[in-house]
Amino acid sequence: MGYTRKNNRISVSRTWRKVDMRALAQFAMARVTVRVFDQKKAVDGRSLTDHKPYSEEPCFVSALTRPTPRGGEPAYNKAGRLTGYMYEGGYAEFKQKTFQTTQVDLQVSGDLRRGIHLSRIENDSASMAMSNTSKIYGLALNEDRPWWGFSDEDRMHIRARFREMIKTAFRSRVKK
């Protein structure tokens, strides 16, 4: 960043610090998680369900899934132990019986939301990533329902926040 304020020669690099970039990155990460998990919107601003509703192909859900599946046809192993439930109406039936909704929300267990974190922060850049346990699931979901990234609205809010933060940083760190 080569910007220098002419009247007193204070450079942005001495004014904008790593702690400021961390705060901006946390704000950006919060924008994505709120948009996806609370507002249930994809990157293009449409509802996640508009991209692809849940499957109606028959599926098996393990009894170990959290939260515990409800409804469905119980399936047992040879020893007579419950292994899971069969849903003839597919994942859509599982969501309806377990959560009383078929709206796409990407958070059965909450692991994906908790798995989003800041992976690298420098003075002038930051990276957001998914943890290893949620990365495969999250990227596979992104194929059908593009959610990972910044929407135009996210970018607008992040730019506005950056302008506020840089103004505050200049005011507080530049001696008058």
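Definitions and cut-offs
Residues numbered from 1 in each chain as written. Predicted model: local features only at pLDDT ≥ 70, side-chain atom pairs only at ≥ 80, totals over all residues. Heavy atoms only, no water. Pairing = 2+ DSSP bridges. Helix = DSSP H or I, 4+ residues; strand = E, 2+ residues; numbered from the N terminus. Axes fitted to C-alpha atoms, helices over the stretch in contact; angles between N-to-C directions. 1 Å grid on protein atoms, 1.4 Å probe; cavity = no way out; pocket = protein on both sides within 12 Å on 5 of 7 lines; lining within 4 Å. Points joined across faces, edges and corners; volume = space filled by probe spheres on them.

### Describing the pairing of strand 4 (residues 116–121)
Here strand 4 runs beside strand 5 (residues 126–130); their pairing, made up of 5 bridges, is antiparallel. By the bridge assignment, Ile-116 is partnered in strand 5 with Met-130. Hairpin connection, strand 4 to strand 5: the antiparallel pair is bridged by 4 residues.

### Digging into the sheet that holds strand 2 (residues 73–76)
Here we have 3 strands laid out as an open sheet, ordered 1-3-2, and antiparallel in their pairing. Where the open sheet ends on each side, the last strands, each with one partner, are strand 1 (59–62) and strand 2. Taking each pair of neighbouring strands and ignoring which way they run, the sheet shows an average axis angle of 35 degrees. Both strand 2 and strand 3 (residues 82–87) contribute to a ladder of 4 bridges, which runs antiparallel. Counterpart to Glu-73 in the pairing with strand 3 is Met-86.

### Here's the deal with the layout of surface pockets
The space that makes up the second largest pocket amounts to roughly 290 Å³. Considering the residues around the second largest pocket, the lining is formed by 16 residues, among which Leu-24, Ala-28, Ala-126, Phe-150 and Ile-158 are closest to the centre. Mapped by element, the contributors of at least two residues to the lining of the second largest pocket are helix 2 (18–38), strand 5 and helix 7 (152–173). Ranked by residues supplied to the lining of the second largest pocket, first place goes to helix 2 with 5 residues.

All quantities given are derived from atomic positions and should not be read as evidence of function.
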